[in-house]
Amino acid sequence: MIAVPSFGGRVPEPAVKRLEEIRGNEALCTAVCVYGNRAYEDTLIELGDAARKSGFRVIAGIAAVAEHSIMHQYASGRPDQKDESELRNFAKKIHEKISGDPSGLTSPEIPGNRPYKKAGGAALIPKANNKCTGCGICAENCPTRAISKDHLKTADSTKCISCMRCVARCPHKARKINAAVAAVAAQAIKKACSQRKEDELFC
């Protein structure tokens, strides 16, 4: 299983680069993208392409909804019991598929566009306030190394993907995003995020 978060409808660039360093050697894989109930757009098709380029055989795809990493009011509580039940049943379906003749396995049709949509930059970059003790947990947990242990207060805007892991892991709740900018962003995606979207499963 190869799983990534969807950011702006694309696979985060660092994830693509890391996948390029892996050799799949024809291993079977399920491509999974997780998004915050807005839209996953070209994320899943891009992930499938990247996986195949690295030598994996993509035999299933999942676009799963989870609580939005920035605007937590969207998809709050997801994945829920309904999601978990559907995903468990889909796992059984994947298992049945790979239990047969491996030479007859096919790749599913996954929605998306080629070329992919233009990737956007990180607009919401967390910064530390005066509660910061300099413990460095944020830097240790940043998946893109956007936070330097020598400059913990800010993050490198060219590396930050607004995943908010530093915010979630900070034991002192010292890292925040600009509240005014976040409010504007939340309003902009309110219509797209307010209606429940279901997980999409491809096999």
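Below you will find a few notes about this structure. (Residues numbered from 1 in each chain as written. Predicted model: local features only at pLDDT ≥ 70, side-chain atom pairs only at ≥ 80, totals over all residues. Heavy atoms only, no water.)

**Points about the sheet that holds strand 2 (residues 28-35)**
Our working definition: Strand pairing is assigned whenever DSSP identifies at least 2 bridges connecting the two strands. Put simply, DSSP H or I for four residues or longer makes a helix, DSSP E for two residues or longer makes a strand, and each gets a number counted from the N terminus. Simply put, an axis is a line fit to the C-alpha atoms, just over the touching stretch for a helix, and the angle between two N-to-C directions goes from 0 to 180 degrees.
Strand order in the open sheet made by the four strands is 1-2-3-6, with mixed pairing throughout. Each edge of the open sheet carries a strand with a single partner, namely strand 1 (2-5) and strand 6 (200-202). Adjacent strand axes in the sheet meet at a mean angle of 15 degrees, parallel and antiparallel pairs treated alike. The sheet contact formed by strand 3 (residues 57-65) and strand 6 spans three bridges and is antiparallel. Bridge pairing in strand 6 links Ala-63 to Glu-200.

**Here's the deal with unusual backbone geometry**
Note the cut-off: Buried residues are those whose accessible area, probed at 1.4 Å on protein chains only, stays under 20% of the maximum for their type, while exposed residues exceed 50% and partly exposed ones sit between those limits.
The amide bond that connects Arg-78 to the next residue, Pro-79, takes the cis arrangement and shows omega of 0 degrees. When you line up the elements, Pro-79 lands in the loop between strand 3 and helix 3 (81-98). Put simply, Arg-114 and Pro-115 share a cis peptide bond, and its omega is 0 degrees. Tracing the sequence through the fold places Pro-115 in the loop between helix 3 and strand 4 (127-128). Positive phi, normally seen in glycine, also occurs at Glu-26, with a value near 70 degrees. Within the element layout of this structure, Glu-26 appears in the loop between helix 1 (13-20) and strand 2. Taking relative accessible area as the criterion, Glu-26 reaches 53% and is therefore assigned exposed.

**As for empty space enclosed by the protein**
Filter applied, for reference: Cavities and pockets were defined on a 1 Å grid built from protein atoms only: a cavity is a group of points that admits a 1.4 Å probe but offers it no way out, a pocket is an open group of points flanked by protein on both sides within 12 Å along at least five of seven lines, and a lining residue is one with an atom within 4 Å of any such point. Grid points are joined across faces, edges and corners, and a volume is the space filled by probe spheres set on the points. By the convention adopted, Pro, Cys, Tyr, Trp, Phe, Met, Ile, Leu, Val and Ala count as nonpolar, Lys, Arg, Asp and Glu as charged, and the other residues, Gly among them, as polar.
Overall, the coordinates contain two cavities of 30 Å³ or more when judged by the stated rule. Approximately 100 Å³ is the volume found for the largest cavity. For the lining of the largest cavity, a count of residues per class yields eleven nonpolar, two polar and one charged. For the second largest cavity, the full set of lining residues is Cys-132, Thr-133, Gly-134, Cys-135, Gly-136, Ile-137, Cys-138, Leu-152, Cys-170, His-172, Ala-174 and Arg-175. Grouping the constituent residues of the lining of the second largest cavity by class yields seven nonpolar, four polar and one charged.

**Some details on the layout of surface pockets**
Roughly 1,200 Å³ of volume is contained in the largest pocket. Around the largest pocket, the lining is made up of 44 residues, and of these Ser-6, Phe-7, Gly-8, Ile-161 and Ser-162 lie nearest the centre. At the level of secondary structure, the elements contributing two or more residues to the lining of the largest pocket comprise strand 1, helix 1, strand 2 and helix 6 (179-188). With four residues, helix 1 is the single largest residue contributor to the lining of the largest pocket. Among the residues forming the lining of the largest pocket, the class breakdown is 23 nonpolar, twelve polar and nine charged. What lines the second largest pocket is a set of 20 residues, among which Ala-3, Val-4, Pro-5, Ala-15 and Arg-18 lie closest to the centre. Going through the elements one at a time, strand 1, helix 1 and helix 2 (43-53) are the ones with two or more residues in the lining of the second largest pocket. Examining the composition of the lining of the second largest pocket, we find that five residues originate from one element, helix 1, more than from any other.

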